[in-house]
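Observations on chain architecture
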Amino acid sequence: MANHKSSLKRIRQDKKKALHNKYYAKTMRNAVRKLRGLTDKEEAAKLYPAVQKLLDKLAKTNIIHKNKAANIKSSLCLHINKLG
């Protein structure tokens, strides 16, 4: 990589953005894991809208793909409906 001012700035920006994206992706994974671990249907149904909002936000900002968000939301709905 050339040592131009613009390329050095781009490297700094990419590192910052990668750290930001990694944080939100990890937060999303933890929220999904927490929801899948629940066994109470009411509790899971109460937590689902927050997880859904997070997934939609990440898909909108291209941190995750929109189809991945849709697949996760679908599987979470199935999980909640199976709970008794």
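Numbers given to residues run from 1 along each chain, matching the order in which its sequence is written. Under the rules for a predicted model, residues below a pLDDT of 70 receive no local features and side-chain atom pairs below 80 are neither given nor counted, while totals for whole chains, interfaces and linings still include all residues. Only hydrogens and water are set aside when side-chain values are computed; all heavy atoms of the structure are taken into account.

Under an unreviewed UniProt entry, the name given to the protein chain is Small ribosomal subunit protein bS20, and the organism recorded is Segatella buccae ATCC 33574. UniProt positions are given in the numbering used here, feature names are shortened, and annotations may be inferred rather than shown by experiment. UniProt annotates the protein chain under Sequence similarities (unreviewed entry) with the comment "Belongs to the bacterial ribosomal protein bS20 family." Per UniProt, the protein chain carries the Function (unreviewed entry) text "Binds directly to 16S ribosomal RNA."

**As for the packing of helix α1 (residues 5-37) against helix α2 (residues 41-60)**
Axis geometry follows a simple rule: fit a line to the C-alpha atoms, using only the stretch in contact for helices, then measure angles between N-to-C directions, giving values from 0 to 180 degrees. Counting from the N terminus, the helices are the DSSP runs of H or I reaching at least four residues and the strands are the DSSP runs of E reaching at least two. Across the interface, α1 lies against α2 with an axial gap of 10 Å and an inter-helix angle of 155 degrees. With respect to their mutual orientation, α1 and α2 come out roughly antiparallel. The chirality of how α1 crosses α2 is left-handed. Only A44, L47, Y48, V51, L54, L55 and L58 of α2 make contact with α1, whose side of the interface consists of Y24, T27, M28, A31, V32, K34 and L35. Put simply, Ala, Val, Leu, Ile, Met, Phe, Trp, Tyr, Cys and Pro go in the nonpolar bin, Asp, Glu, Lys and Arg in the charged bin, and everything else, Gly too, in the polar bin. Split into classes, the residues belonging to the contact of α1 with α2 amount to 12 nonpolar, 1 polar and 1 charged. An angle below 35 degrees is read as roughly parallel, one above 145 as roughly antiparallel, one from 65 to 115 as roughly perpendicular, and any other as oblique. Working rule for handedness: look at the near helix, and if it is turned counterclockwise from the far one by less than a right angle, call the crossing left-handed; if clockwise, right-handed. Pairs of residues are marked as contacts when any of their non-hydrogen atoms sit within 4.5 Å.

**Some points on the packing of α2 against helix α3 (residues 66-82)**
Two elements in contact, α2 and α3, have axes whose closest approach is 10 Å; the angle formed by their N-to-C orientations is 175 degrees. The orientation of α2 with respect to α3, classified from their angle, is roughly antiparallel. Contacts from K41, A44, A45, Y48, V51, Q52, L55, D56 and A59 of α2 reach α3 at K66, A69, I72, K73, L76, C77, I80 and N81. Split into classes, the residues belonging to the contact of α2 with α3 amount to 11 nonpolar, 2 polar and 4 charged.

**Concerning the pattern of salt bridges**
By definition, a salt bridge exists where a carboxyl oxygen of Asp or Glu is found within 4 Å of a side-chain nitrogen of Lys or Arg. Tallying each qualifying case throughout the model produces 1 salt bridge. D56 is the partner of K73 in a salt bridge, and the nearest nitrogen-oxygen pair spans 2.6 Å. Here K73, found in helix α3, pairs with D56, found in helix α2; they are 17 residues apart in sequence, far enough to count as distant. The classification of residues rests on relative accessible area computed with a 1.4 Å probe and restricted to protein chains. Under 20% of the type maximum is buried, over 50% is exposed, and intermediate values are partly exposed. By relative accessible area, which is 18% here, K73 ends up buried.

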